[in-house]
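# Breakdown of the fold
Residue-level listing of the chains:
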Amino acid sequence: MSLRLKPTLRHDLADASRPLAGIWACSGSALVAEICAGSGLDWMLIDMEHSPNGLESVLAQLQAVAAYPITPVVRVPIGDVVTIKQVLDLGAQTLLVPMVSTAAEAKALVEAVHYPPRGRRGVGSALARSGRWNRVDDYLRNAGDHVCLLVQIETTEGVENAAAIAGVDGIDGVFVGPSDLAASMGLLGQQAHPDVVASVRRTFDAVRAAGKPVGVNAFDPAVADAYAEAGASFILVGADVALLARGSEALATRWIPGTDASGGPSY
């Protein structure tokens, strides 16, 4: 039997005529991921950095969303070569690596996602879901076509090095994190501060000048629209846990007299 793998987010972005809208999957639940996968959104970020996700739950979510027309992206907790190898072997095809601030870090990540001689990814596809247990023809020879590597810029150092990071061969796109960037700038919790927004847009310009797509998270529709107009090619527009939190608070406010259960604005 011969199987074909789905396109990566790199392929989706190359074919897109509009910014791709994504949802952040933070609950760790395969059931919730499957519900979100049928929403009609373009892509889903399965998060291992700030969510209760390990290898087993990531695998379950990848399996749950596989039947739906949505592209999963797995954010690893750190740019560790072993963690990256394991997540790729689970069948994740598009990876996002947080806290990348230099071109040297980006180059090391490119090596981590590719087999020798280009990189140093360990070879185990015959035993793993990545190559569907040797049911994908020539997986080892064509593995680079099945992998998309995105890196996250979320520090002032990263902003300064954005052009060099985006220019690294093998980096398929850059995602900007305004929250950690704000913290890096001494503006914790102020991701809408004009200086933070200016740094985000500066990063956009540098990445786009290098010929790479750039993304960002923006749950406020007005902010998301503004970033789309500024050149964002892919945007996280909500999160499963935030939707549940705000939605349940709205129910409490509606049905319980005197209740103001608002938890504040989302991410």
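In what follows, the structure referred to is the one given above.
How each quantity is defined
- Residues numbered from 1 in each chain as written.
- Predicted model: local features only at pLDDT ≥ 70, side-chain atom pairs only at ≥ 80, totals over all residues.
- Heavy atoms only, no water.
- Helix = DSSP H or I, 4+ residues; strand = E, 2+ residues; numbered from the N terminus.
- Rg over C-alpha atoms; globule rule 2.2 N^0.38 Å.
- Buried < 20%, exposed > 50% of the residue type's maximum accessible area, 1.4 Å probe, protein only.
- Contact = heavy atoms within 4.5 Å.
- Axes fitted to C-alpha atoms, helices over the stretch in contact; angles between N-to-C directions.
- Parallel < 35°, antiparallel > 145°, perpendicular 65-115°, else oblique.
- Left-handed = near helix turned anticlockwise from the far one by under 90°.
- Nonpolar A, V, L, I, M, F, W, Y, C, P; charged D, E, K, R; others polar.
- Arc of directions from axis to C-beta.
- Polar contact = N/O pair within 3.5 Å; in protein donor to acceptor, adjacent residues only side chain to side chain.
- Patch = residues over 30% accessible without salt bridge, like charges linked within 9 Å, V, L, I, M, F, W, Y side chains within 5 Å.
- Areas by Shrake-Rupley, 256 points an atom, 1.4 Å probe, with all protein chains shown as cover.
- Salt bridge = Lys/Arg side-chain N within 4 Å of Asp/Glu carboxyl O.
- Phe/Tyr/Trp six-rings, centres within 6.5 Å; stacked < 30°, edge-to-face > 60°.
- Lys NZ or Arg CZ within 6 Å of the ring centre and 35° of its normal.

## Focus on the overall build of the chain
- Within the chain, the regular secondary structure consists of twelve helices and eight strands.
- Against the globule reference of 18 Å for 267 residues, the chain gives a C-alpha radius of gyration of 19 Å, in line with a compact fold.
- Seen through its C-alpha atoms, the chain measures out along the principal axes to roughly 60 × 40 × 35 Å.
- When the 267 residues of the chain are sorted by exposure, 48% land in the buried category.

## Observations concerning the side chain of Gln93
- Tracing the chain through its elements places Gln93 in the loop between α4 (81–89) and β4 (94–97).
- Judged by its relative accessible area of 12%, Gln93 is buried.
- In contact with Gln93, not counting residues within four places along its chain, are Leu5, Lys6, Thr8, His146, Val147 and Cys148.

## Observations concerning the packing of helix α2 (residues 30–37) against helix α3 (residues 55–65)
- Contact geometry of α2 with α3 gives a least axis separation of 8 Å together with a crossing angle of 30°. By the criterion of interaxial angle, the relationship of α2 to α3 is roughly parallel. Relative to α3, α2 is oriented so that their crossing is right-handed. Across from Ala30, Ala33, Glu34 and Ala37 in α2, the residues of α3 making contact are Ala60, Gln61, Ala64 and Val65.
- The class makeup of the residues in the contact of α2 with α3 is six nonpolar, one polar and one charged.

## Some points on α2
- Within α2, burial applies to Ala33, Cys36 and Ala37. Buried residues of α2 fall within an arc of 105° about the axis and therefore sit on the same side. Set apart from the buried face of α2 by more than 90 degrees, the exposed residues are Leu31 and Ile35.
- For α2, the secondary structure elements touched by its buried residues are β1 (20–25), β2 (43–47), α3 and α12 (240–255).
- For α2, the side-chain oxygen to backbone nitrogen distance between the N-cap and Leu31 is 3.2 Å, and the N-cap itself is Ser29.

## Side note on a nonpolar patch on the surface
- Together, Leu251, Trp255 and Ile256 line one region of the surface with nonpolar side chains, adding up to about 370 Å² of accessible area.
- Here Leu251 lies in helix α12.
- Note on Leu251: relative accessible area 53%, which makes it exposed.

## Quick word on the packing of aromatic side chains
- Taken as a whole and judged by the stated rule, the model has five aromatic pairs.
- Feature note: the residues Trp43, Phe175 and Phe234 constitute an aromatic cluster, connected by ring pairs.
- Its guanidinium or amino end placed over the ring of Trp255, Arg254 lies 4.1 Å from that ring's centre, counting from NZ or CZ.

## A closer look at the pattern of salt bridges
- This model, assessed by the stated rule, comprises ten salt bridges.
- Note that Arg75 and Glu49 form a salt bridge whose closest N and O atoms lie 3.2 Å from each other. With Arg75 in strand β3 (residues 71–75) and Glu49 in the loop between β2 and α3, the pair connects residues that are 26 residues apart, well separated along the chain.
- With relative accessibility at 2%, the residue Arg75 sits in the buried group.
- The network of salt bridges with common partners includes Asp47, Glu49 and Arg75.

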